Protein chains: 2
Amino acid sequence: MPVHASGHIDLTRLQEVLDGPWVEVRNAHRDQLDARFLPVYGETGDQARERITRLLHELPVELGIASAFPTEYGGRADPGGSIVACEMLAQVDLSLMVKAGVQWGLFGGAVYALGTRRHHDAYLRDIVSGSTFGCFAMTETGHGSDVQQLRTTCVYDPQTQTFDLHTPHEAARKDYIGNAARDGRLAVVFAQLISGGRRHGVHAWLVPIRDERGDPLPGVTIGDAGPKAGLLGVDNGRLSFDHVTVPRDMLLDRYGQVAEDGTYSSPIDNDSRRFFTMLGTLVRGRVSVGGAAAAATKSALTIAVRYGDVRRQFPAPDAGREVLLNDYLAHQRKLLPALATTYALHFAQAELVSALSAAQGGDEPVDEHRQRELESRAAGLKAAQTWHATRTIQMCREACGGAGYLAENRLPGLKADTDVFTTFEGDNTVLLQLVGKGLLTGYRDEFGSLDGWGRASFVAEQVREMVLERTAARSLIERLVSAVPGRDDEVAVTDRGWQLTLFEDRERHLLDGVVRRLRNGAARKKDRPFDIFNDVQDHVLAVAAAHVDRVTLEAFVAGVEDTDDPAVRALLSRVCDLYALTVIEAHRGWFLEHGRLTPVRSKTITGVVNSLLKELRPQMRTLVDGFAIPERWLHCAILAEEPGRQETMAAHDATGADLPAGSV
Amino acid sequence: MPVHASGHIDLTRLQEVLDGPWVEVRNAHRDQLDARFLPVYGETGDQARERITRLLHELPVELGIASAFPTEYGGRADPGGSIVACEMLAQVDLSLMVKAGVQWGLFGGAVYALGTRRHHDAYLRDIVSGSTFGCFAMTETGHGSDVQQLRTTCVYDPQTQTFDLHTPHEAARKDYIGNAARDGRLAVVFAQLISGGRRHGVHAWLVPIRDERGDPLPGVTIGDAGPKAGLLGVDNGRLSFDHVTVPRDMLLDRYGQVAEDGTYSSPIDNDSRRFFTMLGTLVRGRVSVGGAAAAATKSALTIAVRYGDVRRQFPAPDAGREVLLNDYLAHQRKLLPALATTYALHFAQAELVSALSAAQGGDEPVDEHRQRELESRAAGLKAAQTWHATRTIQMCREACGGAGYLAENRLPGLKADTDVFTTFEGDNTVLLQLVGKGLLTGYRDEFGSLDGWGRASFVAEQVREMVLERTAARSLIERLVSAVPGRDDEVAVTDRGWQLTLFEDRERHLLDGVVRRLRNGAARKKDRPFDIFNDVQDHVLAVAAAHVDRVTLEAFVAGVEDTDDPAVRALLSRVCDLYALTVIEAHRGWFLEHGRLTPVRSKTITGVVNSLLKELRPQMRTLVDGFAIPERWLHCAILAEEPGRQETMAAHDATGADLPAGSV
């Protein structure tokens, strides 16, 4: 028998579970970031940029945003803390968070990860303190997803011992670059390294782009990306280089060095592998974006749930007053599954941040297998969290009706500001494809590359092991799975082991299907490798999505297991049921097609989901209060007026008391 | 054998089919609305309002926006033309469309539909010409969906022969009112009519709110709703009335009159029925919003499809250049089903506009059954079209990557401006519930009202007839359905009759299920009518959605049948297949649960959908060109630069030609 989530919850206990190990970082932000840092509604683009730049200078760096850097440069050697700081800033102002992310994450992070001692000593202190602002100039107008194909060139000349950085045509200009249009003095510029007439793939240089007065340096053309859907406070711009001379030592040369005479050397021979190793060091950006998206989702849900707890509409025939929005099944069907998914992703993110912290926090090099796993997890969760944010914030805005369309109620800004998250720091579809291909690693190792999908036959066995690798509480999950009693139809749909088995089955079977189809495709279309892969692209994306779902559920299950407080644990367990069952319900077509659910059991799941909604209805407010967002950070007029406006309506409504009950 | 859609399409023929009977209205807008009328990116709210107000004065009314009014007041007695004009304006600028809709649709429409001769003679000419701007002041802060419960009062005093209009508390203020914050001189104000101490339900008055200089009149407080997610050019405001005196003859008294002595009379006795009759006359607003949402969706799809036809990313292993986005299966899976749904909804909207035109265009009163049918259709299609717009424009913005986030590429504006459509002119969830309850009309007639869902037992038989009533090409649909040969599993999934049967089955079975559950609920929970209904609310919404899907497919089928050109007809038929099969695929869980699909057949559908994507890939551009949106109206930088930027990249890319193929 499942424990019902009806007990009294000690909110502090719930908040402790969600706050996790970086609780000091969270609380420092909650305590110190006051109303001054919150969004201003109705600003012009210039006003927003000016304000955010000012706030960036005022932001107490010691709160955590720069904590990934070594202590000797002003950091705390705590990459996990910097991600948590991003999450907190995302609940304050998303422009501030993105601009901070560009400065201390992308720009500073690239100097640290791709540069060597001389770059660190010369620049990191000023970067950490915020006295030097910089850009991360990778994306070009013509190449955003496939950054290995960047067209900007940087050619070494041994005569002058300098590089020549050049933008060959308009499509090669750097585009959407944060900090470029207004504030950046330096940029980490990615370009094709050419020396002695040979290409060595994409590398990065640290390039000054503005002088002390803020004017572009000679040869540098700076444009403005102009008005955007949101993030008005971030100065995205465009950079072009007309044969700009870059000193040899400005190459960030941790992964590739050019000697005075132009000789190229690198610890990694293969250009492609070297480039992806370089990119891999920047994984923190993706984890931060996923976390920020989740944080904004929590703000939106808090607003919508609290509004739905005071807003009434339509009289009940059997009650003296109108019905609270949250009492409608349709409203619960919108808010509660989204809330459950937010909880699930919270635990997956927490687990990822801990893993990344363990990997990057120490001095030892990370082994490649673990690094790959981390990158795949970061990519998949970034996609899942940002899409969940886009859908959920949209739903929350609709759940607040016309009020949700007004800037003063926060939701329009949350929606517009987070919207770009689904396509920046890696387009979500491309990221999921990366995850899907990663699951075929067994095949890649066999054939050297996944480019030629159809070049040879595949061996399926190697896949199993990779797919079923579990990072979270491996033994717990295995125990739950193996404890599922008897035949499927006799097990309660709330049996955790059965739920885990279903998630696992879906991932494994989808992957087997891709392998089979690729093998068949390879046999029939040997000469058309693109077609072989393209024919199964939707299938590969489905595998990746199923993988992320499974990883997320496992993290949630582990999180429940780690919770000591019995009432909080019981509540989380029911929320976990709701997450698992709504995912199964959403994919019940697949489960029915593949004999994993009978029609009767499939209908049962819908019934149990509705029962869970009823059971969790009284806990909706508790569940959003668990996010522990400071009251002043919500910055939302319809909540600020609570209970004033709503109670006024009910209490003083002399004229409405005897109105006839309406019918629609 | 289905005819494949590979033949050459004469674009003019396709455009003729889509343009339909109001082609002159469409072409007049296309010809006369030049770049001056297009959105300006990055404006402040004040700038946007000023510009849109100016443009509203410059808008040639004779193009069609005011054509619903009688000729004697400057109209053309053509309500269909005015809806089509809204659709066209929505492709130019959505603020302009909404502001025009407030003026000539809501405000002018209310004066016309709810007023009588003296109001028409005194005001309509100036309203039609645009020399008097007005508001439609219905929604209050506390009541948006349940407008029968408005709290504003208007009390008649026979001594002075005037009304006293009053806002009793803050929740009763009029909120979100277009034209209120800046331009409106008059407002149609909805309030509870009280005379001789008796209430007579909600009525409307024509109330001056500003003097000649634009200052609020005594007793009128005007506020500003402030910055919004979008529609910056529309001056939404808040109105409160402090015992404002309104002359007796300013009551819009078509449906309810107050004599000098205060005696109330009405052609409709029941307050509730009278109010919904009054609301029903305003159905044109919902049809216009649905059409405008569809028009904006077409703009977004045109941009995304055309960008996907020039944008390349990632090299193919077996080709000399990078792959066009539209050649990826995943991209087709995003764009083509959305395009097919847009076509389906286009035909449903066209049919609705014709039906509304036939009903409202003549002088004869509309019979109540037909009026109800029209209102239900308008509600359902408004919900379907506006949600489709929100989802599709979001998807299009993501399909354009970072470029889709820049204002200069139009998509952010399309998204933000249409976002409110899902909750204004009736919240979509509330509208679908209205449709769902309407399908239970048989029961309502039996029991007088649907308020007391559980008051008695139900009779199921009466429902059938109502549900299966078909407005579109009844005999054609019946012929197709009855022509389905043999057993289900032997019929091709592209058999139109089989598809229609599946849509019909889903609607009917869902409705039967609701009836059964309501009956059971009534037996068990006699004393809790709210719970009885609330327990099945999600089911009622599912019935409504299935109904709208069925009506939409039938309209599409009828539209294909009406198409003369064989190549265009073959193309539309395949697009109709894609629509029908993606809807079935999306609901395959339900079909499998209910034995309407076998697992094998369900998988077949996914395979056929993917084949259709491949077949329709070469026609993507044709399908968006069919919308006939003038090139200058697209107003999108990434298209304006086409082919320049893209070709430049390919042609002059001396540096990139020998780059190694990338692997991800």
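The sections below set out a description of the structure shown in this document.

Basis of the calculations
Residues numbered from 1 in each chain as written. Chains lettered and ligands numbered in written order. Predicted model: local features only at pLDDT ≥ 70, side-chain atom pairs only at ≥ 80, totals over all residues. Heavy atoms only, no water. Helix = DSSP H or I, 4+ residues; strand = E, 2+ residues; numbered from the N terminus. Rg over C-alpha atoms; globule rule 2.2 N^0.38 Å. Contact = heavy atoms within 4.5 Å. Areas by Shrake-Rupley, 256 points an atom, 1.4 Å probe, with all protein chains shown as cover. Lys, Arg positive; Asp, Glu negative; His and termini not counted. Charge placed at Lys NZ, Arg CZ, Asp CG, Glu CD. Buried < 20%, exposed > 50% of the residue type's maximum accessible area, 1.4 Å probe, protein only. Pairing = 2+ DSSP bridges. Axes fitted to C-alpha atoms, helices over the stretch in contact; angles between N-to-C directions. Phe/Tyr/Trp six-rings, centres within 6.5 Å; stacked < 30°, edge-to-face > 60°. Lys NZ or Arg CZ within 6 Å of the ring centre and 35° of its normal.

### Topic: the overall build of chain A
Scanning chain A for helices and strands turns up 25 helices and 13 strands. A globule of 664 residues ought to have a C-alpha radius of gyration of about 26 Å, and chain A, at 26 Å, matches this closely. By its C-alpha atoms, chain A is 90 × 60 × 45 Å across when sized along the principal axes. Restricting to contacts in chain A with at least 6 residues of sequence separation, those with at least 24 account for 74%. Looking at chain A as shown, the accessible area adds up to about 23300 Å², and 51% of this sits on carbon and sulfur atoms. Considering chain A, the positive charge centre built from 74 side chains and the negative charge centre built from 89 side chains are found 4 Å apart.

### With respect to the side chain of Lys99 of chain B
Residue and element names in this part refer to chain B. Within the fold, Lys99 resides in helix H5 (residues 94-114). For Lys99, a relative accessible area of 1% corresponds to the buried category. Excluding residues that lie within four positions of it along the chain, Lys99 makes contacts with Ile52, Thr53, Leu56, Phe133, Asn179, Asp183, Gly233, Val234 and Asp235.

### Section: the pairing of strand S2 (residues 153-157) of chain B
Residues and elements named next belong to chain B. Pairing between S2 and strand S3 (residues 162-166): five bridges, direction antiparallel. Paired with Val155 across the bridge in S3 is Asp164. Linkage of S2 to S3, two consecutive antiparallel strands, is achieved through a turn of four residues, within which Gln161 is found at a positive phi near 55°. Pairing of S2 with strand S5 (residues 186-195), which is carried by four bridges, proceeds in the parallel orientation. By the bridge assignment for S5, Tyr156 is matched with Ser195.

### Here we look at the sheet that holds strand S7 (residues 220-224) of chain A
Residue and element names in this part refer to chain A. Taking strand neighbours across the sheet as the criterion, the three strands line up as S4-S8-S7 in an open arrangement whose pairing is antiparallel. Each edge of the open sheet is held by one strand with a lone partner, namely strand S4 (174-177) and S7. Adjacent strand axes in the sheet meet at a mean angle of 20° when their direction is disregarded. For S7 and strand S8 (residues 237-241), the ladder comprises five bridges, and the chain directions are antiparallel. By the bridge assignment for S8, Val220 is matched with Phe241.

### Here's the deal with the environment of Ser195 of chain A
All names here are of chain A. Assignment of secondary structure puts Ser195 in strand S5 (residues 186-195). A residue is classified by how much of its surface remains accessible, and Ser195, at 5% relative accessible area, is buried. Each C-alpha atom, one on Ser195 and one on Val624, is 57 Å from the other, the two residues being 429 residues apart in sequence. Residue contacts for Ser195: discarding those within four places in its chain leaves Tyr156, His200, Val258 and Gly262.

### Quick word on the packing of aromatic side chains
Inspection of the entire model under this criterion finds 22 aromatic pairs over all chains. Ring plane angle 70° and centroid distance 5.3 Å describe the contact between Phe163 of chain B and Trp205 of chain B, whose orientation is recorded as edge-to-face. In this pair, Phe163 of chain B is assigned in strand S3 and Trp205 of chain B in strand S6 (residues 198-208), connecting sequence segments 42 residues apart. For the residue pair Phe163 of chain B and Trp205 of chain B, the accessibility class agrees, reading buried in each case. Feature note: the residues Tyr156, Phe163 and Trp205 of chain A constitute an aromatic cluster, connected by ring pairs. We note Arg601 of chain A situated over the ring of Trp498 of chain A; from NZ or CZ to the ring centre the distance is 4.1 Å. Note that Lys437 of chain B overlies the ring of Phe533 of chain B, its terminal NZ or CZ placed 4.7 Å from the centroid.

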